[in-house]
Amino acid sequence: MSRLTLRAALPGAVLLTTLALAQAVPQVRFTPYVSGLRQITTLTHAGDGSGRLYATLQGGQVRVIEGGNVQAQPFLDLGSLTRAGGERGLLGLAFDPRYKTNRRLYVHYTDRNGDTVLARYTATADFRRADPNSARVLFTAKQPYANHNGGQLAFGPDGFLYLGLGDGGSGGDPQNNGQNLASPLGKVLRFDVRGDDAKPAPGNPFLGRPGANPNIWAYGLRNPWRFSFDRQTGDLVIADVGQNAFEEVNRQPRASKGGENYGWRVREGRTCFEPSSGCRTQGLTEPVLVYGRQEGQSITGGYVYRGQAIPTLKGQYVFADFASGTVWAARMTDATWSKVTLGKVDNPSTFGEDEAGELYVAEYGSGRVLKLGR
């Protein structure tokens, strides 16, 4: 029965409809979990059954959270290798799916010249720290400007390593990197890291195309600071930070063969950017969710909730805005998603999942990690 039919058929249906809508908003509490972590950029787990969380700090440290406490000794310190500040620093961390046996982990940082580095480290035999002497640089990219370095590093359900890079910075993508298949900037890249090096993953959509970067998986992105894979469906959800007017969320189904063009700089959100009118739409993948400057100005992507603590949140995409602090949940229906407000936190810089699928959010300014619960 539609909402209009219900309203016509039942006395007091307006009240019933209002109650139903209120009940559809998950009740979520943001409970302080740990504090004292300066400028958190990543929260993740190793998938090794230890229950530990790992936080990357923009200045270069990887810190361990165990049993609700921050361990005194850093897991890894890259402070001497990066020039942190603004949108530079240690930006991403991912643990190999076979971490329990190969002890490999991967980091994404900007080096002292401001360029992108993807490097591999190996944990010590007791898994208490990463061996700083085990570093192997796997991939680098020149960055023309100091902003839009992207950030996210994550393994997909296919076992390959995905890296999100921004368009190279400045404003308006002056080099048109987002649409340039020769450049790794403004892209999600996909690597095969099962050997000693990082190679283009088999099946990458532009592998073998003359002039194209073979690592590209998806393109047309401005600054994909955070993306994630739905642990149940395998779908890829990319939150792309906007330019002047819109923030957007893009979804790539698990069955995708890659090659999606998400539109930047041709479009920002669902509107023309360059040119400002009459831009092409053919071949561009529409975002599933867009919001404007009245609600925020820097999206922080999160995760599709698959935990147990908040049953009413299951299957919804949880994300936030860094500037406004608003945290939303989006129902993933059809091609356009609708969102509801869960609450507000201070400068949410990143979300993280633990091994059980419960969610955490980091406050960049306060140095706190909050756990989502009822």
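What you are looking at is a predicted structure, and each value in this text was computed from that prediction instead of being measured.

1. Section: the overall build of the chain
Move 1: Along the chain, the regular secondary structure elements total 3 helices and 28 strands.
Move 2: For the chain, the C-alpha radius of gyration of 21 Å lies close to 21 Å, the compact-globule estimate for 374 residues.
Move 3: Within the chain, the proportion of its 374 residues that are buried is 55%.
Move 4: Pairs at least 24 residues apart make up 54% of the contacts formed inside the chain by residues separated by at least 6 positions.
Move 5: Within the structure as shown, the chain displays about 15400 Å² of accessible surface, and the carbon and sulfur contribution to it stands at 48%.

2. Notes on the sheet that holds strand E10 (residues 130-141)
Move 1: Taken in spatial order, the 4 strands of this open sheet run E7-E8-E9-E10, and their pairing is antiparallel. The sheet terminates laterally at strand E7 (90-95) and E10, the two strands that pair on one side only. Taken over all neighbouring pairs, the strand axes of this sheet differ in orientation by 25° on average, direction set aside.
Move 2: Where E7 lies against strand E8 (residues 104-110), 5 bridges are found, and the strand directions are antiparallel. Within E8, the position partnered with Gly 92 by the bridge is His 108.

3. Here we look at the UniProt feature "domain: Glucose/Sorbosone dehydrogenase" (unreviewed entry) in the chain
Move 1: Sites flagged by UniProt as "domain: Glucose/Sorbosone dehydrogenase" (unreviewed entry) map to residues 46-333.
Move 2: Helix makes up 1% of residues 46-333 and strand 38%, and the two end C-alpha atoms of the span are 31 Å apart.

4. So, the nonpolar core
Move 1: Within the largest apolar cluster, 21 residues are counted, with the highest numbers of intra-cluster contacts made by Tyr 106, Leu 118, Phe 139, Leu 161, Phe 191 and Val 193.
Move 2: For this core, the secondary-structure elements that each account for two or more residues are E10, strand E11 (153-155), strand E12 (161-165), strand E13 (187-192) and strand E15 (216-219).
Move 3: In this view, Leu 118 contacts Tyr 106, Val 107, Arg 136, Val 137, Leu 138, Phe 139, Leu 153, Leu 161 and Phe 191; residues no more than four positions away in its chain are not counted.
Move 4: Tyr 54, Leu 90, Val 107 and Val 117 belong to the second-largest nonpolar core, a separate cluster that totals 19 residues.

5. Here's the deal with the packing of aromatic side chains
Move 1: According to the stated counting rule, one finds 19 aromatic pairs in the structure shown.
Move 2: Ring geometry for Tyr 54 and Phe 95: centres 4.6 Å apart, planes at 50°, overall tilted. Highlighted residues: Tyr 54 in strand E3 (residues 53-57) and Phe 95 in strand E7, separated in sequence by 41 residues. As far as the burial class goes, Tyr 54 and Phe 95 line up, both buried.
Move 3: Ring geometry for Trp 264 and Phe 273: centres 4.6 Å apart, planes at 45°, overall tilted.

6. So, the side chain of Glu 247
Move 1: With respect to the helices and strands, the residue Glu 247 is situated in strand E18 (residues 246-252).
Move 2: Relative accessible area serves as the criterion here: at 0%, Glu 247 is assigned to the buried category.
Move 3: One polar contact links Glu 247 to Arg 293, side chain to side chain, over a distance of 2.8 Å.
Move 4: Setting aside chain neighbours within four positions, we find Glu 247 in contact with Asp 240, Val 241, Gly 242, Leu 289, Val 290, Tyr 291, Arg 293, Gln 297, Ser 298, Ile 299 and Asp 321.

7. Observations regarding the pattern of salt bridges
Move 1: All told, the structure shown has 16 salt bridges when counted by the stated rule.
Move 2: When the shortest N-O distance is used, the salt bridge between Asp 235 and Arg 251 registers 3.1 Å. Remark: Arg 251 occurs in strand E18 and Asp 235 occurs in the loop between strand E16 (226-229) and strand E17 (236-240); sequence separation between them is 16 residues.
Move 3: Residue Arg 251 is classed as partly exposed on the basis of its relative accessible area of 32%.
Move 4: Residues joined in a network through salt bridges with shared partners are Arg 52, Glu 66 and Arg 128.

8. What to know about the side chain of Asn 261
Move 1: Considering the arrangement of structural elements, one finds Asn 261 in the loop between E18 and strand E19 (267-268).
Move 2: Overall, Asn 261 belongs to the buried group, its relative accessible area being 3%.
Move 3: A distance of 2.9 Å separates the side chain of Asn 261 from the side chain of Gln 179, its partner in a polar contact.
Move 4: Within polar-contact distance, the side chain of Asn 261 engages the backbone nitrogen of Gly 263 at 3.0 Å.
Move 5: Setting aside residues up to four positions removed in sequence, Asn 261 forms contacts with Gln 179, Tyr 219, Gly 220, Arg 280, Gly 283, Leu 284 and Thr 285.

9. Quick look at the sheet that holds strand E25 (residues 338-344)
Move 1: Within the open sheet, the 4 strands sit side by side as E22-E23-E24-E25. Their pairing is antiparallel. Since the sheet does not close on itself, it has two edges, and those belong to strand E22 (299-304) and E25, each with one partner. With strand direction ignored, the average angle separating the axes of adjacent strands in the sheet is 25°.
Move 2: Bridge analysis of E22 against strand E23 (residues 316-321) gives 4 bridges, and the strand direction is antiparallel. Counterpart to Thr 300 in the pairing with E23 is Ala 320.

10. Some thoughts on the pairing of strand E9 (residues 116-123)
Move 1: Counting buried positions along E9 yields 7 of 8 residues, so the element is predominantly enclosed.
Move 2: Inspection of the sheet shows E8 paired to E9 by 7 bridges, in the antiparallel sense. Residue Val 107 lies in a different strand from E9, and its bridge partner there is Ala 119.
Move 3: In this structure, the hairpin formed by E8 and E9 is closed by a connection of 5 residues, where Gly 114 is found at a positive phi of approximately 90°.
Move 4: Looking at chain direction, E9 and E10 are connected through 7 bridges and run antiparallel. Pairing of Ala 119 across the sheet is with Val 137, part of E10.
Move 5: In this antiparallel pair of consecutive strands, E9 and E10, the connection spans 6 residues, and Phe 127 shows a positive phi of 65°.

Cut-offs and rules
Residues numbered from 1 in each chain as written. Predicted model: local features only at pLDDT ≥ 70, side-chain atom pairs only at ≥ 80, totals over all residues. Heavy atoms only, no water. Helix = DSSP H or I, 4+ residues; strand = E, 2+ residues; numbered from the N terminus. Rg over C-alpha atoms; globule rule 2.2 N^0.38 Å. Buried < 20%, exposed > 50% of the residue type's maximum accessible area, 1.4 Å probe, protein only. Contact = heavy atoms within 4.5 Å. Areas by Shrake-Rupley, 256 points an atom, 1.4 Å probe, with all protein chains shown as cover. Pairing = 2+ DSSP bridges. Axes fitted to C-alpha atoms, helices over the stretch in contact; angles between N-to-C directions. UniProt positions renumbered as here; feature names shortened; annotations may be inferred. Core = buried A, V, L, I, M, F, W, Y, C linked by side-chain atoms within 4.5 Å. Phe/Tyr/Trp six-rings, centres within 6.5 Å; stacked < 30°, edge-to-face > 60°. Polar contact = N/O pair within 3.5 Å; in protein donor to acceptor, adjacent residues only side chain to side chain. Salt bridge = Lys/Arg side-chain N within 4 Å of Asp/Glu carboxyl O.

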